[in-house]
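Examining the three-dimensional arrangement
Letter by letter, the chains look like this.
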Amino acid sequence: MPDMSDLASWQSIDRAHHIHPFTDQKALRASGSRIICKGEGVYLQDVEGNRYLDGMAGLWCVNVGYGRQELVTAATRQMEELAYYNCFFNTSTPAATRLSQLLAQVTPDGFNQCFFTNSGSEANDTVLRFGRHYWALKGKPEKTIFISRRNAYHGSTVAAGSLGGMAWMHSQGGLPIPDIAHIDQPYWYHEGGDETPEEFGIRVARQLKAKIRELGPDRVAAFIAEPIQGSGGVIIPPSTYWPEIKRICAENEILFIADEVICGFGRTGKWFGSEFYDLKPDMMSMAKGLSSGYVPIGAVMMSDEVADTLVANGFLSHGFTYSGHPLACAVAVRNIEIMLNERLVERVESDIGPYFQEKWASLKNHALVGEARSIGLIAGLEMVKDKSRREKFPTTARVGLFFREAAFRNGLVLRAIGDTVVASPPLVITHAEVDELIEKLGRTLDETERYVRTL
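Residues numbered from 1 in each chain as written. Predicted model: local features only at pLDDT ≥ 70, side-chain atom pairs only at ≥ 80, totals over all residues. Heavy atoms only, no water.

All right, on to the pattern of salt bridges then. In this structure the tally under the stated criterion is 27 salt bridges. In this structure, Arg247 engages Glu251 in a salt bridge whose closest nitrogen and oxygen atoms are separated by 2.8 Å. Highlighted residues: Arg247 and Glu251, both in helix α11 (residues 241-251), separated by 4 residues, approximately one helical turn. Taking the relative accessible area as the measure of exposure, Arg247 reaches 30% and is therefore partly exposed. Judged by its relative accessible area of 51%, Glu251 is exposed. (Salt bridge = Lys/Arg side-chain N within 4 Å of Asp/Glu carboxyl O. Helix = DSSP H or I, 4+ residues; strand = E, 2+ residues; numbered from the N terminus. Buried < 20%, exposed > 50% of the residue type's maximum accessible area, 1.4 Å probe, protein only.)

With that settled, the discussion passes to the packing of helix α17 (residues 399-409) against helix α18 (residues 431-453). Relative orientation of the contacting elements α17 and α18 amounts to 135°, with a least axis distance of 9 Å. Relative to α18, the element α17 is oriented oblique. Classified by chirality, the crossing of α18 by α17 is right-handed. Where α17 abuts α18, its residues Val399, Phe402, Phe403, Ala406, Ala407 and Arg409 lie against Leu441, Thr444, Leu445, Glu447, Thr448, Tyr451 and Val452. (Axes fitted to C-alpha atoms, helices over the stretch in contact; angles between N-to-C directions. Parallel < 35°, antiparallel > 145°, perpendicular 65-115°, else oblique. Left-handed = near helix turned anticlockwise from the far one by under 90°. Contact = heavy atoms within 4.5 Å.)

Here we take up the sheet that holds strand β15 (residues 420-423). Ordered in space as β11-β12-β15-β14, the 4 strands form an open sheet in which the pairing is antiparallel. Two strands in the sheet have a free side with no partner beyond their single neighbour: β11 (369-375) and β14 (415-417). The mean inter-strand angle of the sheet, taken between neighbouring strand axes irrespective of direction, is 20°. Bridge count between strand β12 (residues 378-383) and β15: 4 bridges; the pairing is antiparallel. Note on β15: the bridge partner recorded for Gly380 is Val422. Its contacts with the sheet place α17 against β12, β14 and β15, and it is angled at close to 125° to β12. The strands touched by α18 within the sheet are β11, β12 and β15, with β12 carrying the most contacts at an inclination of about 20°. (Pairing = 2+ DSSP bridges.)

Turning our attention to the nonpolar core. Judged by nonpolar contacts, the single largest core of 69 residues is most densely connected at Leu99, Leu103, Trp360 and Leu441. Per-element accounting of this core gives the leading share, 10 residues, to helix α14 (residues 326-341). With 31 residues, the next largest nonpolar core counts Ile183, Trp242, Phe256 and Ile375 among its residues. (Core = buried A, V, L, I, M, F, W, Y, C linked by side-chain atoms within 4.5 Å.)

With that settled, consider the sheet that holds strand β9 (residues 283-286). Sheet strands pair by backbone hydrogen bonding; their relative direction is either parallel or antiparallel. Spatially, 7 strands are ordered β4-β10-β9-β8-β7-β5-β6 in an open sheet, and the strand pairing comes out mixed. Both edges of this open sheet fall to β4 (111-117) and β6 (180-183), since each of them pairs with a single strand only. Ignoring strand direction, the axes of neighbouring strands in this sheet form an average angle of 25°. The pairing of strand β5 (residues 145-149) with β6 spans 4 bridges and is parallel. By the bridge assignment for β6, Ser148 is matched with His182. Along the sheet face, α11 touches β5, β7 (220-225) and β8 (255-259) and points at about 165° away from the line of β7. With respect to the sheet, helix α13 (residues 304-313) is in contact with β4, β8, β9 and β10 (298-303), its orientation differing from that of β10 by roughly 95°.

A separate point is helix α4 (residues 69-81). Residues three or four positions apart in an α-helix share a direction because the helix packs 3.6 residues into each turn. Helix length check: α4, at 13 residues, gives a terminal C-alpha distance of 18 Å against a target of 18 Å (1.5 Å per residue), a fit within 8%. Of all the positions in α4, only Leu71, Ala74, Ala75 and Gln78 are classed as buried. Looking straight down α4, one finds that the buried residues subtend no more than 95° of arc, so they occupy a single side. Residues of α4 that are exposed and angled more than 90 degrees away from the buried face: Gln69 and Glu80. Those residues of α4 that are buried lie in contact with α5 (94-106) and α14. (Expected span 1.5 Å × (residues − 1). Arc of directions from axis to C-beta.)

At their nearest, the axes of helix α16 (residues 352-361) and α18 sit 10 Å apart, and the two run at 20° to each other. Here α16 is positioned roughly parallel relative to α18, judged by the angle of their axes. Here the hand of the crossing between α16 and α18 comes out right-handed. Along its contact with α16, which presents Ile352, Tyr355, Phe356, Lys359 and Trp360, the element α18 presents His431, Val434, Asp435, Leu437, Ile438 and Leu441.

Turning next to the side chain of His182. Within the secondary structure, His182 is located in strand β6. Looking at His182, the relative accessible area reads 13%, which means it is buried. A distance of 3.3 Å separates the side chain of His182 from the backbone oxygen of Ser162, its partner in a polar contact. Filtering out sequence-adjacent residues up to four positions away, His182 remains in contact with Ser148, Arg149, Arg150, Ser162, Leu163, Gly164, Gly165, His170 and Lys211. (Polar contact = N/O pair within 3.5 Å; in protein donor to acceptor, adjacent residues only side chain to side chain.)

Next up on the list: the environment of Leu28. Tracing the sequence through the fold places Leu28 in helix α2 (residues 25-31). Separated by 13 residues in the primary sequence, Leu28 and Arg15 place their C-alpha atoms 8.0 Å from one another. The residues contacting Leu28, other than those within four sequence positions of it, are His20, Thr23 and Ser33.

With that out of the way, let us pick up the packing of aromatic side chains. All told, the structure shown has 17 aromatic pairs when counted by the stated rule. Look at Tyr134 and Trp135: their rings are 5.0 Å apart centre to centre, the planes differ by 75°, and that puts the pair in the edge-to-face class. Its relative accessible area of 6% is what places Tyr134 among the buried residues. Relative accessible area serves as the criterion here: at 5%, Trp135 is assigned to the buried category. Summarising the aromatic geometry, the rings of Phe276 and Tyr277 are spaced 5.0 Å apart at their centres and angled 80° between planes, so their arrangement reads as edge-to-face. On the basis of relative accessibility, which here comes to 18%, the residue Tyr277 falls in the buried class. Clustering of aromatic rings is evident, with ring pairs tying together Phe223, Tyr241, Trp242, Phe256, Phe276 and Tyr277. Seen from the ring of Phe408, Arg34 lies directly overhead, with NZ or CZ sitting 3.5 Å from the centre. (Phe/Tyr/Trp six-rings, centres within 6.5 Å; stacked < 30°, edge-to-face > 60°. Lys NZ or Arg CZ within 6 Å of the ring centre and 35° of its normal.)

So this is what it looks like as structure tokens:
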């Protein structure tokens, strides 16, 4: 193997053998990969020794920060005792059993039973199957259609990618599969026109009612949505949106599924986004913050009504080799214990979240920034050509891509979704580190402003 600091050798190996997710492979192989080798707290380091403040917590997931020895110890102890066993054949493990108990403790009232997966994508595949199976058990097998939202992201497997509403994903691999429909997203800033946010929220929510009528209430099984769209650009719905969605789901006898993969485990200042918005869903898919990204694991929490219906049927024809993997469960258990012991969720709600939001809002005065929005420790920032008209830059300008790479040069990891800058730092970030994030972000915006003047 190359010496750790030999970037050219690592890039050569990566270029020859590694196809990356969600990446322009041709462009990457021309430029070479950035090779990250260490993490501590909210910081990352690459093989050349460059240090970065990770404002994305990996991919929205490293909630307790990097380098937590408690999680290393939990993983080591579990591997020494039992590296693997499955949850098939009337069998479980102490780690899987304990994690199911902890999840019942931290999720909202009425959620007491879970099914383990290995990712958020698998969790959303599972809710599709369970939702359809639920209605079949209720004597309504024709209720198979799931309604989602355009620009939603629910994963990249065939079913999860179909549930998502990203046309550029659907263009590869023949998606979506049948019986998936989409309505508009609650993206007031760029899609609200002359309406107030409140008017827009009601109108977009009522598209769900119209779509149910179009498809037939006897055919629609469920509506699935993130409380806050993460990978869609941190789309925070207007205040009128969720109450209307809840009413429509209840009136039309369809399941409501909350995708908590990003919003879950403290990101909003509540354990789950469903609590923040009082959503009371029928199922919740989760992953990412469940283990703070230290090992792959996901889960589906089911309301007592849904779970009891599935259990009463007896045999359930669904599962994965690694459902309830003891190593993943042991790490997730310790991760949740850390969050409970250090009161990280409460800290996001009452301390670091408000501080971060105040600092993030200060960016709205920058010449490039049309809107700076945030809840808890999740935030979006719109870079626009004309603030007064909420006018986007042409896609050919690739302003977001310039910003992202400039941020890396400034020692900051943030994500650009189109020209929307998004952030989700680890929940353990300090006030001083928030100040550093905002300073580096401001410097990067200044560089980006100089860049757009050359277009």
